[in-house]
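Next come the chains, spelled out residue by residue.
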Amino acid sequence: MEESFEVALTVNGTHRAARVPARRLLSDLLRHDLGLTGTHVGCEHGVCGCCTVLLDGEPVRSCLMLAVTASGHEITTVEGLADEDGTPSPVQRAFRECHGLQCGFCTPGFLCTVTALLRETPRPTEDQVLEGISGNLCRCTGYQNIVKSVHRAADILAEES
């Protein structure tokens, strides 16, 4: 029988705890143990970026991280990007406004990645946007609307500050 561990962390501003097997991935903890299915799992090799969440504000591939290593940290998933009243974040609004999604499978990873990118670089250049989203794969959009969405989100953030 595999040993299990208590994992206590803050997810989207709420303290959460679960007893999980030592080899449980963070993506599986979020999806299966905590019921936060917004985090998608695509390649399970850290290549596609669909599973990207924010760990203490920094983007990480949750399919590559063991849940036990997230214990004591703060995780933000796509469900935690909106305001407490449910108002979409500027990044979410920009993706909707600029049609930065089609099937939506990659969108949670992009939203988390772009949220961190714009926190670090509030007014990114075209090259900085392309570099910032380079770790996330989309099979539908051709990226033009995703890039537009990032620039629009930067504009919204600037307008609201």
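Residues numbered from 1 in each chain as written. Predicted model: local features only at pLDDT ≥ 70, side-chain atom pairs only at ≥ 80, totals over all residues. Heavy atoms only, no water.

Undergrad: Help me out: how do you make sense of the sheet that holds strand 1 (residues 4-11) in this one?
TA: In a beta sheet, neighbouring strands pair by backbone hydrogen bonds and run either parallel or antiparallel. As summarised here, the arrangement of the 5 strands in space is 2-1-5-3-4, forming an open sheet in which the pairing is mixed. Of all strands in the sheet, those bounded by a partner on one side alone are strand 2 (14-21) and strand 4 (58-61). Taking each pair of neighbouring strands and ignoring which way they run, the sheet shows an average axis angle of 40 degrees. As paired strands, strand 3 (residues 52-55) and strand 5 (residues 74-76) are joined by 2 bridges and run antiparallel to one another. Pairing of leucine 54 across the sheet is with threonine 76, part of strand 5. Set on the sheet, helix 1 (residues 26-33) makes contact with strand 1, strand 2, strand 3 and strand 5; between it and strand 2 the angle comes to about 110 degrees. (Pairing = 2+ DSSP bridges. Helix = DSSP H or I, 4+ residues; strand = E, 2+ residues; numbered from the N terminus. Axes fitted to C-alpha atoms, helices over the stretch in contact; angles between N-to-C directions. Contact = heavy atoms within 4.5 Å.)

Undergrad: What's the story with the nonpolar core in this structure? I'm lost.
TA: Among soluble globular proteins, nonpolar side chains are generally buried collectively. Counting 25 residues, the largest nonpolar core has Val91, Phe95, Phe110, Val114, Leu118, Ile133 and Val150 as the members making the most contacts within it. Listing elements by their share of this core, those giving two or more residues are helix 2 (90-97), helix 3 (107-120) and helix 5 (144-160). For this core, the leading source of residues is helix 3, giving 7 residues. For phenylalanine 110, the contacting residues outside a window of four places in its chain are Phe95, Ile133, Asn136, Leu137, Cys138, Tyr143 and Ile146. Counting 17 residues, the second largest nonpolar core, distinct from the first, contains Ala18, Leu29, Val60 and Ala67. (Core = buried A, V, L, I, M, F, W, Y, C linked by side-chain atoms within 4.5 Å. Buried < 20%, exposed > 50% of the residue type's maximum accessible area, 1.4 Å probe, protein only.)

Undergrad: Can you help me understand the side chain of threonine 115 in this one?
TA: The topology assignment puts threonine 115 in helix 3. In this structure threonine 115 touches Leu54, Leu81 and Val91, once residues within four positions along its chain are discounted.

Undergrad: Would you take a moment to explain the environment of isoleucine 75 for this structure?
TA: Mapped onto the secondary structure, isoleucine 75 falls in strand 5. Taking the C-alpha atoms as reference points, isoleucine 75 and glutamate 58, 17 residues apart in sequence, are found 9.2 Å from one another. Setting aside anything within four residues of it in sequence, one finds isoleucine 75 in contact with Leu9, Thr10, Val11, Asn12, Leu26, Leu30, Val53, Leu54, Leu55 and Ala70.

Undergrad: I would appreciate a short explanation of unusual backbone geometry in the present structure.
TA: Trans peptide bonds make up most of the peptide bonds, and negative phi angles are found at most residues other than glycine. A positive phi is found at aspartate 56, a non-glycine position, where the angle reads about 50 degrees. Residue aspartate 56 is classed as partly exposed on the basis of its relative accessible area of 44%. A positive phi is found at histidine 99, a non-glycine position, where the angle reads about 55 degrees.

Undergrad: Help me understand the pairing of strand 1, please; the structure alone is not making it clear to me.
TA: Each regular strand displays side chains that alternate between the two surfaces of the sheet. Judged from the 8 bridges that link them, strand 1 and strand 2 form a sheet pairing that is antiparallel. Bridge assignment links valine 11 to a residue of strand 2, and that residue is threonine 14. Linking strand 1 to strand 2, which pair antiparallel, is a turn of 2 residues; within it asparagine 12 sits at a positive phi near 55 degrees. The pairing of strand 1 with strand 5 spans 2 bridges and is classified as parallel. Each bridged residue has a counterpart across the sheet, and for threonine 10 the counterpart in strand 5 is glutamate 74.

Undergrad: When you look at the pattern of salt bridges in this model, what are you seeing that I'm missing?
TA: Any two side chains of opposite charge can pair if their charged atoms end up close together. Per the stated rule, a full pass over the model turns up 6 salt bridges. For arginine 19, the salt bridge is made with glutamate 6, and the minimal N-O distance between the two is 3.9 Å. With arginine 19 in strand 2 and glutamate 6 in strand 1, this residue pair connects regions lying 13 residues apart in the sequence. A residue is classified by how much of its surface remains accessible, and arginine 19, at 51% relative accessible area, is exposed. The class for glutamate 6 is partly exposed, based on a relative accessible area of 45%. (Salt bridge = Lys/Arg side-chain N within 4 Å of Asp/Glu carboxyl O.)

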